[in-house]
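These are the residues of each chain, in order.
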Amino acid sequence: MSGFDVKKVREDFPILHQEVRGRPLVYLDSAATAQKPQAVIDALVRFYQHDNANVHRGVHVLSERATEAYEGARETVRRFINARDAKEIVFVRGTTEAINLVAQTYGRKHIGAGDEVLITQMEHHANIVPWRMLCEQTGAVLKVIPVDDRGELVLDAVDALLTERTRILAVTQVSNALGTVVPVKELTRRAHAKGIPVLVDGAQAVTHFPVDVQDLGCDFYAFSGHKMFGPTGIGVLYGRKELLEAMPPYQGGGDMILSVTMEKVTYNRVPYRFEAGTPNLEGAVGLAAAIRYLEALGMENVAAHDRELLAYATQALEAVPGLRMVGTAREKSAVLSFMLAEVHPHDVGTILDREGICIRTGHHCAQPVMQHFKVPATSRASLALYNTREDVDALVRGLHKVLEVFQ
Amino acid sequence: MSASDDLKDLYQEVVLEHSKRPRNYRVVEGATAEAAGHNPLCGDQLVVTLKVEGGVIKDVAFQGQGCAISKASASLMTGAVKDRTRAEAEVIFERVHKLVTEGPESVDVDALGKLAVLSGVSEFPARVKCASLAWHTLRAALEGRGEAVSTE
Ligand SMILES: Cc1ncc(COP(=O)(O)O)c(C=O)c1O
């Protein structure tokens, strides 16, 4: 593979080089949160050692540097997802806050009693609960695109669900519980044909393949820094400028205003209108470092690595006796959700943990899709750019060990 | 102790056997009390039904879904508290709780009888909730709190 050497990539991630429980660490839980390359760790340290100051308000040199770093990060994010304008990039805490922001600003303004919000059965709770709350506040109705037994959206059902009352379609690009890649470009086309705006939850997408928001055509795109090898507590809401500019503010406070008297507040322009208070400066700086790291590797190369490893892992896991994959979409990203014979996922997780293997077990904050598959929980191994075939082989050995214990 | 010794302690033969073939896996007929328990973290859910007469637990059963540890613990519990008074059941609860949180050194293991097989749990802090779910649910039923208890 051109220029992508996973052995070299692993060298960039100090946390991977340790033993846990007397075994080499095998980290297969990057869909929950990804590990950080040294470049990101260094960027955080450098910011605090050299540039830290509050942004947008000081006249002194440090404030200038911090502002430059923070606004530079915004430009880096713009480039990464190919937004038209850096003003379309709002820094938030993460995907969850990005979606809440849209629901409580755009949603409160444009969605009323009897209107419909359309989501899918495979959303993360972060793309369900904010809409549920909005519906409770406004009397709007939550509608759901169903999934089939492979874990793909039932696309035939979509057009009928996009009605004249639909005010927004909010959909994940990659399901964190199943790995399904959703054709969001096609869905956006269909929604736009009826004048309906689209929010895409990109939390599990941006780490695995190139994303171009102009090509997707969506109106909002949300993702988290920590899942893409950056720090926690920083994330991004992309919004088309026309929409952002027409949206009321989210939280009130400093930075989001132009002028304040006791009688009247004039709100700042976008994106600052949505960034009340001192933002997560080092988070933005760290996220920019993560993006530069990914750009240096090349997202196409990352995508090829993840695809190849997913194919290998799928085949290896399906050969384990009694293993049943949950989520077998034709187009999948680096998530393997499964049940092992009659063994409860929690027991699988405990036994693997004693082998030094980290996976996630549970409902993955996606209970509605678990209900569709009639399981309370699954075991989930998720892959990232630093995972190898050896990691997958260790997982398979671990699963055989589970079967041994439970014979 | 090596990792695999820990595992053998957790998944002792008796534990596995109870999880595969739980005792008193049913609903008590003519139950006088019941409660539902829920472990939101792993989705474990169970219902305990009871028949208490003259302060004595005449019958106790459970149903639900969960991991091996929570099922085995529930199954063992039904055996341990049957024909006991409420006060006795409470004492057993306290002992089991100490056993799974603090380990076998902290309790009189002999007094625990069969329940001693749960001693491995204390090495697995993430699994304490699994082992205690049935017991919290039993306590809720005994106290007449029918609403769902949650280990969170
Ligand atoms: C698909 C998806 N959406 C949203 C989220 C929420 O992200 P965060 O917790 O970073 O806000 C996650 C994280 O698990 C996710 O996988």
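Residues numbered from 1 in each chain as written. Chains lettered and ligands numbered in written order. Predicted model: local features only at pLDDT ≥ 70, side-chain atom pairs only at ≥ 80, totals over all residues. Heavy atoms only, no water.

A word on the overall build of chain B
Argument step 1. Each helix and strand in chain B was counted, giving six helices and four strands.
Argument step 2. Secondary structure elements in chain B, listed N-terminal to C-terminal, are α-α-β-β-β-α-α-α-α-β.
Argument step 3. Relative to a compact globule of 152 residues, whose C-alpha radius of gyration would be 15 Å, chain B shows 14 Å and is just as compact.
Argument step 4. Taken across its 152 residues, chain B has 50% of its residues classed as buried.
Argument step 5. Sequence-distant contacts, at least 24 apart, represent 57% of the contacts inside chain B between residues at least 6 apart.
Argument step 6. Surface accessibility of chain B: about 6,700 Å² in total, with carbon and sulfur atoms responsible for 50%. (Helix = DSSP H or I, 4+ residues; strand = E, 2+ residues; numbered from the N terminus. Rg over C-alpha atoms; globule rule 2.2 N^0.38 Å. Buried < 20%, exposed > 50% of the residue type's maximum accessible area, 1.4 Å probe, protein only. Contact = heavy atoms within 4.5 Å. Areas by Shrake-Rupley, 256 points an atom, 1.4 Å probe, with all protein chains shown as cover.)

As for the domain arrangement of chain A
Residue and element names in this part refer to chain A.
Argument step 1. Splitting chain A by domain gives domain 1 (6-30 + 298-405) and domain 2 (41-295).
Argument step 2. When each unit is reduced to the centre of its C-alpha atoms, the spacing between domain 1 and domain 2 is 28 Å.
Argument step 3. Contact residues are listed per partner, giving 36 residues for domain 1 and 32 residues for domain 2.
Argument step 4. Here domain 1 meets domain 2 over a buried area of about 2,800 Å², counting both sides, of which 59% is carbon and sulfur.
Argument step 5. In this assembly, domain 1 and domain 2 are joined by one salt bridge.
Argument step 6. Between Arg330 and Glu152 there is a salt bridge whose closest N-O contact spans 2.6 Å.
Argument step 7. On inspection of domain 1 and its partner domain 2, the count reaches 20 residue pairs in polar contact (both at pLDDT 80 or more).
Argument step 8. Breaking the side of domain 1 that touches domain 2 down by element, the ones donating at least two residues are α11 (299-318), β14 (335-340) and α13 (367-372).
Argument step 9. Each residue belonging to the side of domain 1 that touches domain 2 can be placed in one class, and the counts come to 20 nonpolar, nine polar and seven charged. (Domains from an automatic or database assignment. Buried area = accessible area lost by both parts, 1.4 Å probe. Salt bridge = Lys/Arg side-chain N within 4 Å of Asp/Glu carboxyl O. Polar contact = N/O pair within 3.5 Å; in protein donor to acceptor, adjacent residues only side chain to side chain. Nonpolar A, V, L, I, M, F, W, Y, C, P; charged D, E, K, R; others polar.)

Points about the packing of aromatic side chains
Argument step 1. Per the counting criterion, the structure on display carries eleven aromatic pairs over all chains.
Argument step 2. Their ring planes at 65 degrees and their centres at 4.8 Å tell us that Phe13 of chain A and Tyr386 of chain A sit as a pair that is edge-to-face. Note that Phe13 of chain A is positioned in the loop between α1 (6-11) and β1 (19-20) and Tyr386 of chain A in the loop between β17 (378-382) and α14 (389-406), a separation of 373 residues in sequence.
Argument step 3. Residue classification places Phe13 of chain A among the buried positions, given a relative accessible area of 0%.
Argument step 4. Here Tyr386 of chain A falls in the buried class, since its relative accessible area comes to 0%.
Argument step 5. Members of the aromatic cluster, joined through ring pairs, are Phe13, Phe229, Tyr293 and Tyr386 of chain A.
Argument step 6. Just above the ring of Phe124 of chain B sits the side chain of Arg354 of chain A; from NZ or CZ to the centre is 3.9 Å.
Argument step 7. The ring of Phe93 of chain B has Arg139 of chain B sitting right over it, with the charged end atom 3.9 Å from the ring centre. (Phe/Tyr/Trp six-rings, centres within 6.5 Å; stacked < 30°, edge-to-face > 60°. Lys NZ or Arg CZ within 6 Å of the ring centre and 35° of its normal.)

Considering the sheet that holds strand β4 (residues 89-92) of chain A
All names here are of chain A.
Argument step 1. Within the open sheet, the seven strands sit side by side as β4-β10-β9-β8-β7-β5-β6. Their pairing is mixed. Each edge of the open sheet is held by one strand with a lone partner, namely β4 and β6 (141-145). On average, each strand axis in the sheet is tilted by 20 degrees relative to the strand beside it, whichever way the strands run.
Argument step 2. Across the face of the sheet, helix α4 (residues 95-110) comes into contact with β4, β7 (166-172), β8 (198-201), β9 (220-224) and β10 (235-239) while running at roughly 155 degrees to β9. (Pairing = 2+ DSSP bridges. Axes fitted to C-alpha atoms, helices over the stretch in contact; angles between N-to-C directions.)

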